[in-house]
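Letter by letter, the chains look like this.
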Amino acid sequence: RALFHATKKEEGESSMKKKLTALVLSLVIAAMPAAAPVMNVQTVSAATTKAAVLKNTWSKDHKYYYDKNGKKVKGIRKIGKYTYIFDSKYTLVKNKKYYKYNASTYYRIDTRGRATKLSQVETLAAIRLQKCGGNLRKAFNWSASLRYNGNYKVAKKNQTYYGIYGFRTGSGDCYVMASTFYWMAKVAGYNAHYVTGYVNKGKGNGPHAWVEIKVKNNTYVYDPNFQKEYGPKGYTGYAVKYGQKGTLKYIKKKVY
């Protein structure tokens, strides 16, 4: 019996020691830093911050724009109060006098990339100007080559409607010829003005229209109709000065 009681006592002490050991180990483990979870949290946080920076914002060089998903955009985009165009490589298009977006839509784009859609007559002028290779002299010759037609119907008689008529029909009189060239020169970036008034051919004054282009302090006359009529005789209506020998006597009435 004594031996039995001694054995029971030893077993009890052994069990107590095991419990104490287990408790100490659990406390030590609980006190150890959880390295792996902390690293995961830092990694997720950094990725989230990077994605947040790229949402709806410009790149540092102002060359690309990132949408709400953090992806580069392309095509026409309204950002703030301005319109921008990004090409197929997601690059911002800048400094274009007449940029072809599609077959019937052209834009004027400044050096900062801000785009303005061209009007109907400006678009027609841009299409024709491109066919002339962007060359001002070729554009002038095209206007001078219009079939003469002084009996046409135009909704409103001004340079806009005259221009539309000329680009669409390929015909017209001095007003139409001057208007088509005026719009091509304007779209090309020249300081061009459409002028109406009279010319003196020695038999009184007749109504007429022509174009002025100002270069620095000089003003030059461009008269496609004069070119059509007198060009075959060796005269020119391209970039002449007022009062120059071999030209008409121009009397200005309105300059637009």
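Heads up: the structure comes first, above all this text.
Now for a quick tour of the structure.

Regarding unusual backbone geometry
Next up, step 1: At Asn-56, a position not held by glycine, the phi torsion is positive, near 50°.
Next up, step 2: Counting through the fold element by element, Asn-56 comes out in the loop between α2 (35-54) and β1 (57-58).
Next up, step 3: Classification of Asn-56 by relative accessible area gives partly exposed; the value is 47%.
Next up, step 4: Of note, the phi angle at His-62 is positive, near 60°, even though the residue is not glycine.
Next up, step 5: You can see His-62 is positioned in the loop between β1 and β2 (65-66).

Here's the deal with the pairing of strand β12 (residues 218-222)
Next up, step 1: Where strand β11 (residues 205-215) and β12 come together, five bridges link them in antiparallel fashion. By the bridge assignment, Val-215 is partnered in β12 with Asn-218.
Next up, step 2: Hairpin remark: β11 followed by β12, antiparallel, with two residues in the connecting loop; positive phi at Lys-216, about 55°.

Concerning the sheet that holds strand β6 (residues 105-109)
Next up, step 1: Across the sheet, which stays open at both edges, the three strands sit in the order β5-β6-β7 with antiparallel pairing between neighbours. With partners counted over all chains shown, the strands left at the sheet margins are β5 (96-102) and β7 (115-117), one partner each. Pairwise comparison of adjacent strand axes, ignoring direction, gives a mean angle of 35° for this sheet.
Next up, step 2: Here three bridges tie β6 to β7, and the two strands are oriented antiparallel to one another. Counterpart to Arg-108 in the pairing with β7 is Thr-116.
Next up, step 3: Strand contacts of helix α3 (residues 120-131): β5 and β6, with the helix running at about 90° to β6, the strand carrying the most contacts.

Some details on the packing of helix α4 (residues 136-144) against helix α6 (residues 174-187)
Next up, step 1: Contact geometry for α4 and α6: axes closest at 8 Å, N-to-C directions at 160°. Here α4 is positioned roughly antiparallel relative to α6, judged by the angle of their axes. The hand of the α4/α6 crossing is right-handed. Residues Leu-136, Ala-139, Phe-140, Trp-142 and Ser-143 of α4 form the contact with α6, whose participating residues are Met-177, Thr-180, Phe-181, Met-184 and Ala-185.
Next up, step 2: Taken together, the residues that form the contact of α4 with α6 break down as eight nonpolar, two polar and no charged.

Things to note about the side chain of Asn-225
Next up, step 1: Along the chain, Asn-225 falls in helix α7 (residues 224-230).
Next up, step 2: Excluding residues that lie within four positions of it along the chain, Asn-225 makes contacts with Tyr-148, Cys-174, Met-177 and His-208.

Focus on the packing of aromatic side chains
Next up, step 1: Scanning the entire structure with this criterion turns up 18 aromatic pairs.
Next up, step 2: An angle of 15° between the planes, with centres 5.7 Å apart, marks the rings of Trp-142 and Phe-167 as stacked. Here Trp-142, found in helix α4, pairs with Phe-167, found in helix α5 (residues 159-169); they are 25 residues apart in sequence, far enough to count as distant. Phe-167 carries the same exposure label as Trp-142, and that label is buried.

Considerations on α6
Next up, step 1: The end-to-end C-alpha distance of α6 is 20 Å, a good match for the 20 Å that 14 residues give at a rise of 1.5 Å each.
Next up, step 2: You can read the cap of α6 off the contacts: a side-chain oxygen lies 3.1 Å from the backbone nitrogen of Tyr-175, and it is on Asp-173.
Next up, step 3: Just downstream of α6, Gly-189 is the residue with a positive phi angle, here 100°.

Parameters and conventions
Residues numbered from 1 in each chain as written. Predicted model: local features only at pLDDT ≥ 70, side-chain atom pairs only at ≥ 80, totals over all residues. Heavy atoms only, no water. Helix = DSSP H or I, 4+ residues; strand = E, 2+ residues; numbered from the N terminus. Buried < 20%, exposed > 50% of the residue type's maximum accessible area, 1.4 Å probe, protein only. Pairing = 2+ DSSP bridges. Axes fitted to C-alpha atoms, helices over the stretch in contact; angles between N-to-C directions. Contact = heavy atoms within 4.5 Å. Parallel < 35°, antiparallel > 145°, perpendicular 65-115°, else oblique. Left-handed = near helix turned anticlockwise from the far one by under 90°. Nonpolar A, V, L, I, M, F, W, Y, C, P; charged D, E, K, R; others polar. Phe/Tyr/Trp six-rings, centres within 6.5 Å; stacked < 30°, edge-to-face > 60°. Expected span 1.5 Å × (residues − 1). Polar contact = N/O pair within 3.5 Å; in protein donor to acceptor, adjacent residues only side chain to side chain.

Remember, this is a structural readout, not a statement about activity or role.
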